Amino acid sequence: MAKPTIQKVFAYVTSGQRLLVFEHPDSPEAGIQVPAGTLETGETIAEGVMREAYEETGLSDLILGVFLGEQVCDMSDYGKHEIHRRHFYHVICAGDVPDHWQHLEKFHSGGSPRETPFDLYWVYLPDGVPELIADHGVMVGALLTALKLV
């Protein structure tokens, strides 16, 4: 049986020379991530990346930057029988934000709402980026090129 292909969007949110990452305090096995999620029906990729960036961070002063690239990822290694077509964008944070904060993302999956806490913080580019889980960091090189840091 063919694996379904799921459209995903990834936001590399920056403030100056800092990249926004987060962890799940209730699920440390989820690793360190960047804001990302599934493209919704009828959404453009740009709309989806901005929605996910806002939903997962709570930041409202966000500006869509450049498209960084695309990756096709077989999720079998992560226990999922699906292919992810991932679209990566640079997103600029124009406002003043703390160095570290917690945000509750609200989910309404299957009709039952739940909240998931995220611990968000900035890391310095290019050398302060930790290892990101599940290829979340695959386009960091493209981000560094876009920011003229290489």
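Our subject is the structure that appears above.
Because the structure is a prediction, the values reported are computed rather than measured. (Residues numbered from 1 in each chain as written. Predicted model: local features only at pLDDT ≥ 70, side-chain atom pairs only at ≥ 80, totals over all residues. Heavy atoms only, no water.)

**Student:** If you had to explain the pairing of strand E7 (residues 114–124) to someone new, which residues and values would you point to?
**Tutor:** Along E7, eight of the 11 residues are buried, which leaves the element largely enclosed by surrounding structure. Relative to E7, strand E2 (residues 18–23) is paired through six bridges, and the arrangement is antiparallel. The residue of E7 that forms the bridge with Leu19 is Val123. (Buried < 20%, exposed > 50% of the residue type's maximum accessible area, 1.4 Å probe, protein only. Helix = DSSP H or I, 4+ residues; strand = E, 2+ residues; numbered from the N terminus. Pairing = 2+ DSSP bridges.)

**Student:** A description of the packing of aromatic side chains should follow, citing residues and the corresponding values.
**Tutor:** Evaluation of the coordinates by the stated rule reveals five aromatic pairs. Summarising the aromatic geometry, the rings of Phe10 and Phe88 are spaced 4.5 Å apart at their centres and angled 25° between planes, so their arrangement reads as stacked. Placement of the pair is Phe10 in strand E1 (residues 5–15) and Phe88 in strand E5 (residues 83–93), with a sequence separation of 78 residues. As far as burial versus exposure is concerned, Phe10 and Phe88 are alike and both buried. (Phe/Tyr/Trp six-rings, centres within 6.5 Å; stacked < 30°, edge-to-face > 60°.)

**Student:** Before we move on, could you go through the side chain of His24 and cite the residues and values that matter?
**Tutor:** You can see His24 is positioned in the loop between E2 and strand E3 (36–38). Judged by its relative accessible area of 15%, His24 is buried. For His24, the residues in contact, after removing those within four places along its chain, are Ala30, Gln33, Thr116, Pro117 and Phe118. (Contact = heavy atoms within 4.5 Å.)

**Student:** Any details on the nonpolar core? Residues and values, ideally.
**Tutor:** By size, the foremost hydrophobic cluster in this structure holds 18 residues, and its most contacted members are Val13, Leu20, Leu59, Leu62, Cys93, Trp101 and Trp122. For this core, the elements supplying multiple residues, two or more each, are E1, E2, helix H1 (45–57), E5 and E7. Sequence-distant contacts of Trp101, defined by excluding residues within four places in its chain, comprise Leu20, Thr57, Leu59, Phe118, Asp119, Leu120 and Trp122. Core analysis: the next-biggest nonpolar cluster, separate from the first, contains 17 residues, Leu19, Phe88, Leu132 and Leu144 among them. (Core = buried A, V, L, I, M, F, W, Y, C linked by side-chain atoms within 4.5 Å.)

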